[in-house]
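# An overview of the molecular structure
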Amino acid sequence: MIHLTIDSRRVEVPEGTMILEAAKQANIHIPTLCYHEDQSVKAVCRICVVEIEGMRTLSTACSTPVGEGMVIHTASSKVLKARKNILELIFARHPQDCLVCSKSGKCELQKVAQDLGMHEPIRYDIQLRSQERDCSSPSIVRNPKKCIVCGRCLETCNEIQGVNVLSKENRGFHTLVAPAYGQVLENTCCINCGQCYQVCPTGAISIHDDTDEIRHQMWLGKKLVIQVAPSVRINLAEAMGEEPGVVSTGRLVSALKRLGFDYVFDSDFSADLTIMEEGTELLHRIQNGGTLPMFTSCCPAWVKYCETYLPNYTDHLSTAKSPQQMFGALIKTWFPKASGIDPADICSISVMPCTAKKYECKRPEMNGNGYQDVDISITVQELANMIRAGGIDFKELPNTPFDDPFGTGSGAGLIFGATGGVMEAALRTVYAVVMGKEMEPLEYTPVRGFEGIKESSVQLGDLTVKVAVAHGIKNARKLIDEIQAGRADYHFVEIMACPGGCIGGGGNAIRTWKIMEQRKKAIYEAERELPIRLSHKNPAITKIYDEYLQEPCGELSHRLLHTTYFNREDLLR
């Protein structure tokens, strides 16, 4: 153990600990900008400089290891003067439009400035980058003028996700983080996962906001029909300022009703519907010699990655639409007949943890019966902003149930929100269909958890069904490389683009892995409390097949609930 003194406090930490972490253990706050607890140390912003007695220059706390007997000052006059000067230099390249910035109130640069008392005009001339905002993507908006070149988005896109859309161009004053060759996002191989937004400390990367379009549809008199994804009930309270992992299902419905939505439905229902279609498709492929392994198709960011980087593997994707799109198809076909509402008068909306859902609902093939399945998709962050703008006290809302006929979902549908959830839900139903009895235990833990790649097998009579789960695109690529090389042999593979699955989606409140653990715990605890835990036992699912769809993977369900894929490798050129 190493003994040192930080701001007159004696601290004992393991050898190799960085000064920043040692200070945290002593409850001493050192401001940072480029540092992120889930990423590698970069030490480029210099905001975390500290003074070490006996050293002539200041040292970065994030990258300097502790030493025996060190005496460190984290807020000396020399340190504070240096930090303020660094901030002034950053401000000289940064727009001063905080009041209208999407990150206002959540901006890390803004917070550091407030903490350091930056209340006077800066001494340097302001010279902003010439690049304009890139709003070409339906999911992500880039504003290069607000970039502080911290490198967080680069590590996320290139090292963690392995998509490699962003790169660092030029040097010194002219350094820019952007897609190569001046391309706009829409024309790149960006998969719209939004993980770059999750780590950006400023407003340089933001979510494409569609809330004004909802208000416009309301003004036009459209019937607003909204579906709520499984993980939203886990993430919304957190986005509203409560502790991570607080489940707010009933309050969420109440908030949407107060905002003026006419029908509030539970996407757990369409998650169950997805299991019926996808599970049946898997059995058909196994029994009839179809293409294996079959990949899940719930995640639009993963689907676009497959279309772009692995076009030869698109026939391995399940043809089943995602739960969002299945729900949208029913909202524009069966629901108008049941409710007597003209489908032309319906605005179909979804609340998702995912920025890629904005891209997915705009795909031209997502049109089941002459109408776009889902008209607008908003994120958890956007819904939280709508609730605040509506003057709603979220903590004091009563619990309100989802509306019928799509208000019932199973526990299997709920666990779609975590990595491994789709696989577990599918295995529960496939096992019951083939074996004529429920799995024991019902909770299939081998596919749970945050390990990047998980493998398991389930015995279905004489057949051993081999399965795998990957979350995060880089892990998915490793898994597929093993399949391509003939070193892995599976029947069914679940892939989610975002680390941790939907609870780690780009549209949620900003997260770390510590927060993700709390979200994961909450989703499984909530699932155990539900009376129905199997997709095929959901009475609403039985009813929709009896009254409308007839059978899973039948003629009508295939037309409405299944889709096709495209070769997008030209985006790599």
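Just above sits the structure.
The present account deals with the structure reproduced in this document. (Residues numbered from 1 in each chain as written. Predicted model: local features only at pLDDT ≥ 70, side-chain atom pairs only at ≥ 80, totals over all residues. Heavy atoms only, no water.)

## Overview of empty space enclosed by the protein
The condition is simple: Cavities and pockets are defined on a 1 Å grid built over the protein atoms alone: a cavity is a set of grid points where a 1.4 Å probe fits but cannot escape, while a pocket is an open set with protein on both sides within 12 Å along at least five of seven lines, and lining residues are those with an atom within 4 Å of any such point. Grid points are joined across faces, edges and corners, and a volume is the space filled by probe spheres set on the points. Nonpolar residues are Ala, Val, Leu, Ile, Met, Phe, Trp, Tyr, Cys and Pro. Charged residues are Asp, Glu, Lys and Arg, and all others, Gly as well, are polar.
Under the defined criterion, the tally for this structure stands at four cavities of 30 Å³ or more. Taken as a whole, the largest cavity holds about 260 Å³ of empty space. Looking at the largest cavity, it is lined by 23 residues, and the ones nearest its centre are Cys298, Met352, Pro353, Lys357 and Cys502. Of the residues in the lining of the largest cavity, the class split is 16 nonpolar, six polar and one charged.

## Details of the packing of aromatic side chains
Inclusion rule: Each Phe, Tyr or Trp ring (for Trp, its six-membered ring) is paired with any other whose centre lies within 6.5 Å, and the angle between the two planes then decides the class: stacked below 30 degrees, edge-to-face above 60, tilted in between. Helix numbering and strand numbering both begin at the N terminus, where a helix is a DSSP run of H or I of at least 4 residues and a strand a DSSP run of E of at least 2. Residue burial is assigned from relative accessible area. The probe radius is 1.4 Å, only protein chains are included, and a residue is buried under 20% of its type maximum, exposed over 50%, and partly exposed in between.
Scanning the model with the defined rule gives 14 aromatic pairs in all. Ring centres of tyrosine 305 and tyrosine 309 lie 4.4 Å apart, and the angle between their planes is 15°; on these two criteria the pair is classed as stacked. Linking tyrosine 305 with tyrosine 309, this pair stays in helix H10 (residues 300-309), spanning four residues, or about one helical turn. In terms of burial, tyrosine 305 and tyrosine 309 fall into one category: buried. Each member of the aromatic cluster is reached from another via a ring pair, and the members are Tyr263, Phe265, Phe269, Phe327, Trp334, Phe335 and Phe406.

## Looking at the pattern of salt bridges
Selection rule: Any Lys or Arg side-chain nitrogen found within 4 Å of a carboxyl oxygen on Asp or Glu counts as a salt bridge.
Taken as a whole and assessed by the stated rule, the structure comprises 33 salt bridges. Here arginine 448 and glutamate 424 are joined by a salt bridge, their closest N and O atoms 2.9 Å apart. Note that arginine 448 is positioned in the loop between helix H16 (421-435) and strand E15 (453-460) and glutamate 424 in helix H16, a separation of 24 residues in sequence. For glutamate 424, a relative accessible area of 0% gives the class buried. As a salt-bridge pair, arginine 533 and glutamate 443 come within 3.1 Å of each other at their nearest N and O atoms. Separated by 90 residues along the polypeptide, arginine 533 in the loop between helix H18 (513-528) and helix H19 (539-549) and glutamate 443 in the loop between H16 and E15 bring together distant segments of the chain. One connected set of salt bridges, linked through shared partners, spans Glu424, Arg428, Glu443, Arg448, Glu527 and Arg533.

## As for the packing of helix H2 (residues 77-91) against helix H3 (residues 108-115)
This is how the line gets drawn: Only the stretch in contact is used when a helix axis is fitted, and all axes are lines through C-alpha atoms; the angle between N-to-C directions ranges over 0 to 180 degrees. Relative orientations are named as follows: roughly parallel for angles under 35 degrees, roughly antiparallel for angles over 145 degrees, roughly perpendicular for angles from 65 to 115 degrees, and oblique for any other angle. For a crossing to be left-handed, the near helix must be turned anticlockwise from the far one by less than a right angle; the clockwise case is right-handed. Throughout, a residue-residue contact means that at least one pair of heavy atoms, one from each residue, lies within 4.5 Å.
Closest axis-to-axis distance for the H2/H3 pair is 11 Å, and the angle between their directions is 140°. If you check the angle between H2 and H3, you find them oblique. Of the two elements, H2 crosses H3, and the hand of that crossing is left-handed. Across from Leu87, Ile90 and Phe91 in H2, the residues of H3 making contact are Leu109, Val112 and Ala113. Considered class by class, the residues forming the contact of H2 with H3 number six nonpolar, no polar and no charged.

## Overview of helix H17 (residues 473-484)
Let me state the cut-off plainly: Helices are assigned an expected span. That span is 1.5 Å times one less than the residue count.
Its twelve residues give H17 an end-to-end C-alpha distance of 16 Å, which sits within 8% of 16 Å, the value for a rise of 1.5 Å per residue. Contact partners of the buried residues in H17: strand E12 (294-295), H10, E15, strand E16 (463-471) and strand E17 (492-496). After H17 finishes, the residue glycine 486 shows a positive phi value of roughly 80°.

## Quick notes on the sheet that holds strand E14 (residues 376-379)
Let me state the cut-off plainly: A strand pair is defined by DSSP finding two or more bridges across the two strands.
With parallel pairing, the four strands of this open sheet are ordered in space as E11-E10-E13-E14. A single partner strand is all that each edge strand has here, and the edge strands are strand E11 (263-266) and E14. Averaged over all neighbouring strand pairs, the angle between strand axes comes to 25°, with direction disregarded. When strand E10 (residues 223-228) meets strand E13 (residues 346-352), the two strands line up parallel, connected through six bridges. Each residue of the ladder has a partner; that of valine 225, found in E13, is serine 348. Of the strands in this sheet, E10 and E11 touch helix H8 (residues 249-258), which is tilted by about 150° from E11.

## A word on the layout of surface pockets
Within this model, the largest pocket holds a volume of roughly 1,000 Å³. Lining the largest pocket we find 35 residues, and of these Lys106, Glu108, Lys111, Ile510 and Thr512 sit closest to its centre. The set of elements that each furnish at least two residues to the lining of the largest pocket consists of helix H1 (19-25), H3, helix H5 (195-199), helix H7 (232-239) and helix H14 (380-389). The biggest single contributor to the lining of the largest pocket is H3, with six residues. When the residues that make up the lining of the largest pocket are grouped by side-chain class, the tally is 14 nonpolar, nine polar and twelve charged.

## Overview of the nonpolar core
Heads up, the condition is: Definition used in this section: a nonpolar core is a set of buried Ala, Val, Leu, Ile, Met, Phe, Trp, Tyr and Cys residues joined via side-chain atoms within 4.5 Å.
Leu236, Phe261, Trp302, Leu383 and Ile387 are the most contacted members of the largest nonpolar core, which totals 107 residues. With seven residues, the top contributor of residues to this core is H16. If we skip the residues at most four places from it in the chain, leucine 383 touches Leu236, Leu252, Leu256, Leu259, Val351 and Ile378. In terms of nonpolar packing, the next biggest core, distinct from the first, is built from 25 residues, Met276, Ile331, Ile346 and Ala540 among them.

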